[in-house]
Amino acid sequence: MVPLWWYVVLGVVLFVIGAGGVLLRRNILVVLMSLELLLNSVNINFIAFGHYYDDFRGQIFAIFVIAITAAEVAVALGILVALARNKSTLKVDEVTMMKG
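Residues numbered from 1 in each chain as written. Predicted model: local features only at pLDDT ≥ 70, side-chain atom pairs only at ≥ 80, totals over all residues. Heavy atoms only, no water.

- By the naming in an unreviewed UniProt entry, the protein chain is NADH-quinone oxidoreductase subunit K, taken from Mesorhizobium album.
- Entered under Subunit (unreviewed entry) in the UniProt record, the comment concerning the protein chain runs "NDH-1 is composed of 14 different subunits. Subunits NuoA, H, J, K, L, M, N constitute the membrane sector of the complex."
- We quote the UniProt Sequence similarities (unreviewed entry) comment for the protein chain here in full: "Belongs to the complex I subunit 4L family." (UniProt positions renumbered as here; feature names shortened; annotations may be inferred.)

Below, the structure is given as structure tokens:
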């Protein structure tokens, strides 16, 4: 059986990689993938602690996070398609304002 701290360390490593991607990268797609990595690292910890304490609430929270993440990706990709058509770039520094 794998100990709990392995899952916690995995979650922390993924969270740090995702946070580094959000803070250091300039491509909007890479920033979105890094946000996904952040949320998935949280899901790993929810499920690990839920299994450790023999409680299903961790899995329920993970399912809610996955649903919210799917909605976020759908909206963000729609915005990115509109942005790519208007600005022809996906760099964070070059996109300063979106007009409606």
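## Quick word on helix α2 (residues 28-52)
1) Next: Here α2 contains 25 residues, and its C-alpha end-to-end distance of 36 Å stays within 8% of the 36 Å for a straight helix at 1.5 Å per residue.
2) Next: All of the buried residues along α2 are I28, V31, L32, S34, E36, L38, S41, N43, N45, A48 and G50.
3) Next: At the N-terminal end of α2, a side-chain oxygen is found 3.2 Å from the backbone nitrogen of L29, two or three residues along, and the residue is N27.
4) Next: D54, located one to two residues past α2, shows a positive phi value of around 55 degrees. (Helix = DSSP H or I, 4+ residues; strand = E, 2+ residues; numbered from the N terminus. Expected span 1.5 Å × (residues − 1). Buried < 20%, exposed > 50% of the residue type's maximum accessible area, 1.4 Å probe, protein only. Polar contact = N/O pair within 3.5 Å; in protein donor to acceptor, adjacent residues only side chain to side chain.)

## Structural notes on the side chain of S41
1) Next: In this fold, S41 is placed in helix α2.
2) Next: Assessed through its relative accessible area of 1%, S41 is described here as buried.
3) Next: Among all residues touching S41, those that are not within four sequence positions of it are G11, L14 and F15. (Contact = heavy atoms within 4.5 Å.)

## Remarks on the layout of surface pockets
A water-sized probe, rolled over the atoms, reveals where empty space remains.
1) Next: Roughly 150 Å³ of volume is contained in the largest pocket.
2) Next: Around the largest pocket sit M1, V2, P3, L4, Y7, I47, A48, H51 and Y52, which together line it.
3) Next: Listing elements by their share of the lining of the largest pocket, those giving two or more residues are α1 (4-24) and α2.
4) Next: The element best represented in the lining of the largest pocket is α2, accounting for four residues.
5) Next: Residues that form the lining of the largest pocket fall into these classes: eight nonpolar, one polar and no charged. (1 Å grid on protein atoms, 1.4 Å probe; cavity = no way out; pocket = protein on both sides within 12 Å on 5 of 7 lines; lining within 4 Å. Points joined across faces, edges and corners; volume = space filled by probe spheres on them. Nonpolar A, V, L, I, M, F, W, Y, C, P; charged D, E, K, R; others polar.)

## Topic: the nonpolar core
1) Next: Among the nonpolar cores identified, the biggest contains six residues, and these are I28, L32, A76, L80, L83 and V95.
2) Next: At three residues, the largest contribution of residues to this core is made by helix α3 (residues 57-87). (Core = buried A, V, L, I, M, F, W, Y, C linked by side-chain atoms within 4.5 Å.)

## Looking at the packing of aromatic side chains
1) Next: All chains considered together, the criterion is met by four aromatic pairs.
2) Next: When the ring of F46 is compared with that of F61, the centres are 5.6 Å apart and the planes differ by 25 degrees; the resulting orientation is stacked. Taken as a pair, F46 in helix α2 and F61 in helix α3 lie far apart in primary sequence, 15 residues in all.
3) Next: Of the residues examined, F61 reaches a relative accessible area of 47% and is grouped as partly exposed.
4) Next: Ring centres of F49 and Y53 lie 6.4 Å apart, and the angle between their planes is 15 degrees; on these two criteria the pair is classed as stacked.
5) Next: By relative accessible area, which is 33% here, F49 ends up partly exposed.
6) Next: Through a chain of ring-to-ring contacts, the aromatic side chains of F49, Y52 and Y53 assemble into a single cluster. (Phe/Tyr/Trp six-rings, centres within 6.5 Å; stacked < 30°, edge-to-face > 60°.)

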